[in-house]
Amino acid sequence: MKDAGVLETRLIDIGHERFASDVWGRTALLTRGVSDFSDLFSANAVDELISRRGLRTPFLRVAKGGSTLPDSSFTSPAGVGATISDQLDDTKLWRKFADGATLVLQALHRTWEPVSRFSTQLSTELGHPVQVNAYVTPPQNRGFDDHYDVHDVFVLQIEGTKRWIIHEPVHVDPLRSQPWTDRRSAVAEAAQGEAYIDTVLGPGDVLYLPRGWLHAAEAQGKVSIHLTLGVHSWTRHALAEHLAQAALAALDDDPEMRRSLPMGVEGPDGEIAAVRERLAAAVLEADAASLFHRARRGQGRPAPLGPVAQLAAVEGLGPGSLVRLRDALEARLEGSRLTTRVGWLDFPEANLPSVRRLLDGKDHPAADLGVALVERLLRAGVLVPVEQ
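For the rest of this paragraph, the subject is the packing of aromatic side chains. Using the criterion set out here, one finds eight aromatic pairs in the structure. On the basis of an interplanar angle of 55° and a centroid distance of 6.4 Å, the ring pair of Phe19 and Trp24 is categorised as tilted. Exposure remark for Trp24: the relative accessible area of 22% places this residue in the partly exposed category. Aromatic rings pair up to connect Phe19, Trp24, Phe154 and Tyr208 into one cluster. In this structure, Arg184 is placed above the aromatic ring of Trp180, and the distance from its NZ or CZ to the ring centre is 4.9 Å. Geometry around Trp344 places Arg337 over its ring, the cationic atom sitting 3.6 Å from the centre.

Below, the structure written as structure tokens:
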């Protein structure tokens, strides 16, 4: 039996199958005390990121009274050797925070290793890209007014408490091109109605919201810190976009489609039928799979790679060296070509059994795969050494 992943062990208590069939993309779900998230993030992590990591915008936003403050109000150069002007200024940020502003640490999956590791695992399980922001709100303050997101979210309460008021969608399953600001009046009106959920989240609580669900949150008596895991769901509309792109690319080779319209044409009426027929045929024959996988690879990053450790692995490579496929690489073997997030490689027929073997993600001795092949893949950043 397959081991339970982070979704089932840390975010929900109803089981993977029930969540997938009854909740995913359909309704909000509140789960109490499902996990201790102190290993992922904390108040100390907030202070370290802001005061010691040299972060720059857009890795942080600051919001107050429903509006985002200008970057210039909390950034500055950092002295000799670090004169770039968009670095976070911890003194300015302290003053904003003390005045009731919410600090939003963005793309935390790129700047904080425990969150990066967790989000990669969740993305692999869900099959959809995941981003992570942290929201740090002073007592009795809210950062944003009622709104909806164009991606699903898991809210993980880390420290303090926060009241969440949830309303059902005014626009179900919005696309990324359909933000809540397009429906301000409908959102404001719906927010005055009876709430679907009105609750206070405490440490260890998790709230799941499908895209489109209205929400607003306010810290209670202490500083509130929560993580928002944004799940950028693939949709049928996205697949249609890839299918249309593949069909149009195929029509590039159709001489009739490249032909100019007649001189003096006043409109497309006389041409639409022929174009529609050829386009429909191209859609039926198009293979959008490669476009889909290429787009999917582009929406994430592979696991971190240390250049010094990687060079040491190459220089110390021997038959007994243990290696494995780099995590989150989105590797696919298509014929004799291996495509990954770091590029593609072609292989001779003799190497293909070893390449297929390493795609299982397990540890392998270099002798089992072939030392020459392992060296090539280490140099390409596809394989990484296993610490022994």
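Anyway, onward from the coordinates.
Where helix 8 (residues 236–251) contacts helix 11 (residues 289–298), the two axes come as close as 9 Å, and the packing angle between them is 125°. Considered as vectors, helix 8 and helix 11 are oriented oblique to each other. When the axes of helix 8 and helix 11 are compared, the crossing they make is right-handed. For the pair helix 8 and helix 11, contact is made by Leu239, His242, Gln245 and Ala246 and by Leu291, Phe292 and Ala295, respectively. Of the residues contributing to the contact of helix 8 with helix 11, the split by class is five nonpolar, two polar and no charged.

To continue, consider unusual backbone geometry. Each neighbour pair has its own omega, and for Thr57 with Pro58 the value is 10°, a cis peptide bond. Relative to the assigned elements, Pro58 resides in the loop between helix 3 (43–52) and strand 2 (60–64). A positive phi angle is found at Gln140, which is not glycine, with a value near 60°. Among the structural elements, Gln140 can be located in the loop between strand 7 (130–137) and strand 8 (152–159). Among the residues examined, Gln140 registers a relative accessible area of 51% and is labelled exposed.

Calculation notes
Residues numbered from 1 in each chain as written. Predicted model: local features only at pLDDT ≥ 70, side-chain atom pairs only at ≥ 80, totals over all residues. Heavy atoms only, no water. Phe/Tyr/Trp six-rings, centres within 6.5 Å; stacked < 30°, edge-to-face > 60°. Buried < 20%, exposed > 50% of the residue type's maximum accessible area, 1.4 Å probe, protein only. Lys NZ or Arg CZ within 6 Å of the ring centre and 35° of its normal. Axes fitted to C-alpha atoms, helices over the stretch in contact; angles between N-to-C directions. Helix = DSSP H or I, 4+ residues; strand = E, 2+ residues; numbered from the N terminus. Parallel < 35°, antiparallel > 145°, perpendicular 65-115°, else oblique. Left-handed = near helix turned anticlockwise from the far one by under 90°. Contact = heavy atoms within 4.5 Å. Nonpolar A, V, L, I, M, F, W, Y, C, P; charged D, E, K, R; others polar.

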